[in-house]
Structure formats: structure tokens, C-alpha cells
Amino acid sequence: GEVIHRVRLSSFVLMRRFESVVEAANDRLDVISEGRYQLQVETQGLDKRGQAGLDLLVADQRTERCRSTKSLSGGERFYVSLALALGLADVVRSESGGVSLGTLFIDEGFGSLDSEVLEEVMDMLEQVRAGEDRVIGLVSHVDILKQRIDPRISVRRDPARAGVSTLEVRV
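Source: prediction; values computed, not measured.

Taking strand neighbours across the sheet as the criterion, the three strands line up as β1-β2-β3 in an open arrangement whose pairing is antiparallel. Because the sheet does not close on itself, it has two edges, and the strands there are β1 (37–42) and β3 (65–68). Here the strands of the sheet are splayed against their neighbours by 35° on average, with no regard to which way each runs. Strand direction decides the pairing type here: β1 and strand β2 (residues 55–60), joined by six bridges, are antiparallel. In the strand pairing of β2, Y37 is matched with D60. Sheet contacts for helix α1 (residues 9–32): β1 and β2; angle to β1, the most-contacted strand, approximately 170°. Across the sheet, helix α2 (residues 74–95) is in contact with β1, β2 and β3; its angle to β1 comes to roughly 70°.

Here you go:
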């Protein structure tokens, strides 16, 4: 529409690539959010330089409204980010002749999820790990993850000795 004529070619190409990532992320997000959320690329918000197309909105199926991603709770923000990361990996794999991003590290965020969403996220990560032959590293302090994940590496501070940690590998 009217936005396109104001966008540089490099931004236009990036916007199209971003739309592919968002589409792939929405497949993942649909599962995690049980159909509640879908991401949409914001096309209306031009800044002073005439740039647009790289912002996201969240379509909430319960309220039937779109809103800023800034309004998401910590847990929602975590799983939307996870869906985007997995969507990006899906697009890279599909457009690079099957080359896979074989390792994914997720640092924290699990503590912000309620138990039902945590189960959905963990089920999805297990499907990604098993079905897509990926190694997934999780950094977390959430106890239920410590019980559910094998193999794992646990790092604990030694309370008796400052600056000393112990490492446990469980296979």
C-alpha cells in the first residue's frame, strides 16, 4: 500500500523475510498459547524516517483485539520470543537446503510461566529436540525442570567456600 513507496529496498527485503519468520513463529505460538495469540507485522507505524514493517502486534483471539507486544506479561513475552526463535530456525532450515540450526540455548524465563504454559512449552521443546534432531540447552532455576530434564548439567555454589561451585553431570 502507501507505506511501501517510503521504504528503502533493503528494508523491504527484510520486511518480507520477517513476515516469513512471523508466519513460522505463529505455528509454534498457536500451540503454546492454545490458539489465543497470533503475531502480526505492524505496517502502519511509520517513524520520522519513513521506516515501517519490522514491529509486531499481538492479535488476542479472546478479546478480538490487536495490541502492542509491550503489553504482554513476562511469561507471555517469554513464549512469544521462544516462538520467534523457533520460527527463525524453521525459516533458515527451509530456505537453506535443509541446513539445521542444531543447537538452541534458552536462558531463563521459565519461572515466569504458569504450570499449564510451562507444560506446553516443555512439550514443544521436547518435540523440537526429538523430531528435529536438535540439542536444546536450558538455563533455569525452576525445580520442575530439574526433575524433568535428562541429561543435564547442574551447577551449584558451595555455601562453605566463596567463589567455588560444584558441577554434576547426569546422563
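Past the structure itself, the notes keep going.
Within soluble globular proteins, side chains that are nonpolar tend to cluster in buried spots. Y79, L82, I106, F110, L113, V121 and L125 are the most contacted members of the largest nonpolar core, which has 31 residues in total. At the level of secondary structure, the elements contributing two or more residues to this core comprise α1, β1, β2, α2, β4 (103–107) and α3 (115–131). Top element by residues in this core is α3. It accounts for seven residues. Residue contacts for L82: discarding those within four places in its chain leaves I32, L104, I106, V121 and L125.

The rules behind each value
- Residues numbered from 1 in each chain as written.
- Predicted model: local features only at pLDDT ≥ 70, side-chain atom pairs only at ≥ 80, totals over all residues.
- Heavy atoms only, no water.
- Pairing = 2+ DSSP bridges.
- Helix = DSSP H or I, 4+ residues; strand = E, 2+ residues; numbered from the N terminus.
- Axes fitted to C-alpha atoms, helices over the stretch in contact; angles between N-to-C directions.
- Contact = heavy atoms within 4.5 Å.
- Core = buried A, V, L, I, M, F, W, Y, C linked by side-chain atoms within 4.5 Å.
- Buried < 20%, exposed > 50% of the residue type's maximum accessible area, 1.4 Å probe, protein only.

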